[in-house]
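Chain by chain, the residues:
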Amino acid sequence: MLVQLNGKRVELDDEVNTVRALLLSYQLQEKIVVVERNGEIVDRARYESTPVADGDRIEIVHFVGGG
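To start, this report covers the structure provided alongside it. What you are looking at is a predicted structure, and each value in this text was computed from that prediction instead of being measured. (Residues numbered from 1 in each chain as written. Predicted model: local features only at pLDDT ≥ 70, side-chain atom pairs only at ≥ 80, totals over all residues. Heavy atoms only, no water.)

Here we look at the pairing of strand β2 (residues 8-11)
Part 1: Looking at chain direction, strand β1 (residues 2-5) and β2 are connected through 4 bridges and run antiparallel. Across the sheet, residue Leu2 finds its bridge partner in β2, namely Glu11.
Part 2: A loop of 2 residues connects β1 with β2, the two strands running antiparallel in sequence, and Asn6 in this loop sits at a positive phi of about 50°. (Pairing = 2+ DSSP bridges. Helix = DSSP H or I, 4+ residues; strand = E, 2+ residues; numbered from the N terminus.)

Right, dumping it as structure tokens:
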């Protein structure tokens, strides 16, 4: 399946079919990212049940600590 991920076209494996699976495939921790799917912020509690489908536009914002 093809999605737009952070502005780039990316092909995902068939098993990457939820937001949670997408984050796991990129080895991102759920607690330090915010995910937007097709213009809407995805609630962290719904990562497991929110599908990723062909043609979706997904933005992942990764927080980095510092001081």
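Some thoughts on the nonpolar core
Part 1: Val35 and Ile60 are the most contacted members of the largest nonpolar core, which totals 15 residues.
Part 2: Elements represented by at least two residues in this core include exactly β1, α1 (19-25), β3 (33-37) and β5 (57-62).
Part 3: With 3 residues, the single largest contributor to this core is α1.
Part 4: Those residues in contact with Ile60, other than ones at most four positions away along the chain, are Leu5, Asn6, Leu22, Leu23, Leu28, Val33, Val34 and Val35. (Core = buried A, V, L, I, M, F, W, Y, C linked by side-chain atoms within 4.5 Å. Buried < 20%, exposed > 50% of the residue type's maximum accessible area, 1.4 Å probe, protein only. Contact = heavy atoms within 4.5 Å.)

Concerning unusual backbone geometry
Part 1: One non-glycine residue, Asn6, lies in positive phi territory at about 50°.
Part 2: Position of Asn6 among the secondary structure elements: in the loop between β1 and β2.

A closer look at the pattern of salt bridges
Part 1: Under the defined criterion, the tally for this structure stands at 3 salt bridges.
Part 2: Of the charged contacts, one joins Arg20 and Glu30 as a salt bridge, the two residues approaching to 2.9 Å between their closest N and O atoms. You can see Arg20 sitting in helix α1 and its partner Glu30 sitting in the loop between α1 and β3, a full 10 residues away along the chain.
Part 3: Assessed through its relative accessible area of 32%, Arg20 is described here as partly exposed. (Salt bridge = Lys/Arg side-chain N within 4 Å of Asp/Glu carboxyl O.)

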